[in-house]
Amino acid sequence: MLLLNASGCLDALVAPHVARAHDAFVTKTITPLPRGGNAPVRIAETEHGMLNAIGLANPGRDLFLQTLPRLQEVVQIPIWVSVGGFSAEEYAETCHLLDGRDEVASIELNLSCPNVDEAPESAAEIVAACRAATELPLYAKLSPATWDVAETARAVEAAGADGLSLVNTIRGLSLDERTLRPTLERGSGGYSGPALKPIALAAVYACARATALPIVGMGGVYSGLDALELVAAGASAVALGTVLFADPDAPTRIRAELGAELSARGFDSAHEARGVAQRADVHANVR
Amino acid sequence: MKRALLKVVSNEQVGPYSLIRVECGALDPGCPGQFFMLEAPGRVLPRPMSVCLAPPGELGFLIDPIGPGTRALCALEPGEAIHVLGPLGHGFRLDVERPLLVGGGIGMAPLPFVSDLLGSPPTVLGFRSEWHAEAAALMPHAEVVIEPTYVTEAMPSGHDVLACGPEPMLEAVQALAPDAQLAWEAPMACGYGACYGCAVEIGGELKRLCVEGPVLAAA
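Every value quoted in this text rests on a predicted model; they were computed, and no experiment measured them.

Student: Before we move on, can you summarise the overall build of chain A with the specific residues and values?
Tutor: A tally of helices and strands in chain A yields 10 helices and 12 strands. The C-alpha radius of gyration computed for chain A amounts to 18 Å, which stays within 12% of the reference 19 Å derived for 287 residues, consistent with globular compactness. Summarising its shape, the C-alpha atoms of chain A cover approximately 55 × 55 × 40 Å along the three principal directions. Of all 287 residues assigned to chain A, the portion counted as buried reaches 55%. Nonlocal contacts in chain A, meaning residues at least 24 apart in sequence, comprise 69% of its contacts between residues at least 6 apart.

Right, here's the structure in full:
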């Protein structure tokens, strides 16, 4: 099973050995123009997770494309490029520029950043525009903050997506205990960490029933058992996010724990365990 | 950078602060001004702390219990163990001719380590109260001022300043000593460049303090 990092949770050029502990490296979201990101304070810990309002800080696609060969040299594993934008056309332009770049294994469309103001076009419209712009595999990263994420999943599948990344952070707010003002300068931010896991599980579970697409499950994975739960709900790959901040050795640890959790239930591979939460014919009791 | 589970050796109250000593295990203490991410028991994220003391085999951290993470750290008891990651970031350059150490409040944390390596150079420490100033016992040769007197009123001129303290203090020090090396602070989730949370404005751009700093030469 592929183990990835969640976009925006790792800089491979600063911590290459952490990146290489994954099966593929997902970049921070790249936008057409450079972005410094939001004014600090940008992060806040909460009781069961953290909020971030980084605001898609990135060097812009021109500089990113220049550094891509060096990134490949450093990470030595497949690179997934997370693409962002403020219109379907912007997304598609970046996809077109990535098309044919042999450093790129896959594209993840960030359709759900909670930290920017511009209202995006619908996920399916963006996917359709990108589909026309590249032959690279397209993963649509969806927000769980919608009435029916499965409906969005069906729509992006119909628009030509090759896979789903579930889930992005969900909007949250924390207040400073002394001043009772928002801790983050921007006000709200994207909520991640352990509290996100049930939300991610629900989204993966719903989308795995609704589409045949491969799913990268993410949200609150801290242990091998967390990863296995996402697989059982229907994920075919798992990504690590907030846990990397607390523990850069997490990929190796979680991979080992996942192996042990699978064997304890008599599975030979994660593939065998995929979707068992949806199946009445498989009984996965711990031996 | 390396991450290891380190045993707490002692937890000593120093004024309002706690001096936590851990066995340093396989970790290198790094240079003064560099920092480590300390697992805060029961919290989601670790906390960045500069090394206060680095006697053989140990790392000492001076911690002000100002929030849930630092309170959890200050409640550690000898024999407990926490994960520690580091050393991280860029510390102070020590190849200076006439060092002067300037610290404000909990910002004095990295200075005892600097002082040990530089042979106890002149030092000025400022605190908000007599109680807070008890921490100056870690640097017995330091000149101590207490509010309403500020460190900038006690700083001799003509030195290479290495300073750490609250932002207004660092700005005031910088105004007096434009070439000062200043250790800054920002909330950090990871400490190793992954989260982009600790952005500060450096040269008109937002940059990650954990990668560029935390010690920055004054511009």
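Student: Mind laying out the sheet that holds strand S12 (residues 237-240) of chain A, listing which residues take part and the relevant values?
Tutor: Strand pairing in a sheet takes place through backbone hydrogen bonds and is either antiparallel or parallel in direction. Residues and elements named next belong to chain A. Reading across the sheet, the eight strands line up as S1-S12-S11-S8-S7-S6-S5-S2 and stay open at both edges, with parallel pairing between neighbours. Looking at which strands have only one partner, the edges of the open sheet turn out to be strand S1 (2-5) and strand S2 (25-26). The pairing of strand S11 (residues 215-218) with S12 spans three bridges and is parallel. What sits directly across from Val216, in S12, is Ala237. Across the sheet, helix H4 (residues 123-131) is in contact with strand S6 (104-110) and strand S7 (138-142); its angle to S7 comes to roughly 165 degrees.

Student: Pulling in residues and values, what's your account of the interface of chain B and chain A?
Tutor: At the junction of the two partners, chain B supplies 22 residues and chain A supplies 26 residues. Looking at the side of chain B that touches chain A, the elements with two or more residues in it are strand S12 (199-202) and strand S13 (205-208) of chain B. Tallied by class, the residues present in the side of chain B that touches chain A amount to 16 nonpolar, three polar and three charged.

Student: Break down the sheet that holds strand S2 (residues 17-23) of chain B for me, with residues and values.
Tutor: All names here are of chain B. Across the sheet, six strands lie side by side as S4-S3-S6-S1-S2-S5; this open sheet has antiparallel pairing. Two strands lie at the open edges of the sheet, namely strand S4 (47-50) and strand S5 (58-63), each paired on one side alone. Recorded for the sheet is a direction-independent mean angle of 40 degrees between the axes of neighbouring strands. By the bridge criterion, six bridges tie strand S1 (residues 2-14) to strand S6 (residues 81-88) in an arrangement that is antiparallel.

Student: I'd like to hear about helix H5 (residues 167-176) of chain B, residue by residue, with values.
Tutor: Residues and elements named next belong to chain B. Regarding H5, the residues found buried are Met169, Leu170, Ala172 and Val173. On an axial view of H5, the arc spanned by its buried residues comes to 165 degrees, and they lie on one face. Counted as exposed and oriented over 90 degrees from the buried face of H5: Pro168, Glu171 and Ala175.

Student: Please provide a residue-by-residue account of the confidence of the model for chain B, values included.
Tutor: Mean pLDDT over chain B stands at 96; residues scoring 70 or higher make up 99%. Taken together, the chains of this predicted complex give a pTM of 0.95 and an interface ipTM of 0.94.

Student: Explain the pairing of strand S7 (residues 99-104) of chain B to me, using residue names and the numbers behind them.
Tutor: Residue and element names in this part refer to chain B. The buried count for S7 comes to six of six residues, which makes it a mostly enclosed element. Burial along S7 is two-sided: Pro99, Leu101 and Gly103 facing one way and Leu100, Val102 and Gly104 facing the other are all buried. Relative to strand S10 (residues 160-164), S7 runs parallel, the two being bridged by five bridges. Its bridge partner being in S10, Leu100 is matched across the sheet by Val161. Pairing of S7 with strand S8 (residues 123-127), which is carried by four bridges, proceeds in the parallel orientation. Bridging across to S8, Leu101 finds its partner in Thr123. As for the winding sense of the linkage, the β-α-β connection from S7 through helix H2 (residues 111-118) to S8 is right-handed.

What counts and what doesn't
- Residues numbered from 1 in each chain as written.
- Chains lettered and ligands numbered in written order.
- Predicted model: local features only at pLDDT ≥ 70, side-chain atom pairs only at ≥ 80, totals over all residues.
- Helix = DSSP H or I, 4+ residues; strand = E, 2+ residues; numbered from the N terminus.
- Rg over C-alpha atoms; globule rule 2.2 N^0.38 Å.
- Buried ≥ 20, exposed ≤ 12 C-beta atoms within 10 Å, placed from the backbone.
- Contact = placed C-beta atoms within 7 Å.
- Pairing = 2+ DSSP bridges.
- Axes fitted to C-alpha atoms, helices over the stretch in contact; angles between N-to-C directions.
- Nonpolar A, V, L, I, M, F, W, Y, C, P; charged D, E, K, R; others polar.
- Arc of directions from axis to C-beta.
- pLDDT = per-residue confidence, 0-100.
- Right-handed = clockwise from strand over helix to strand, strands pointing away.

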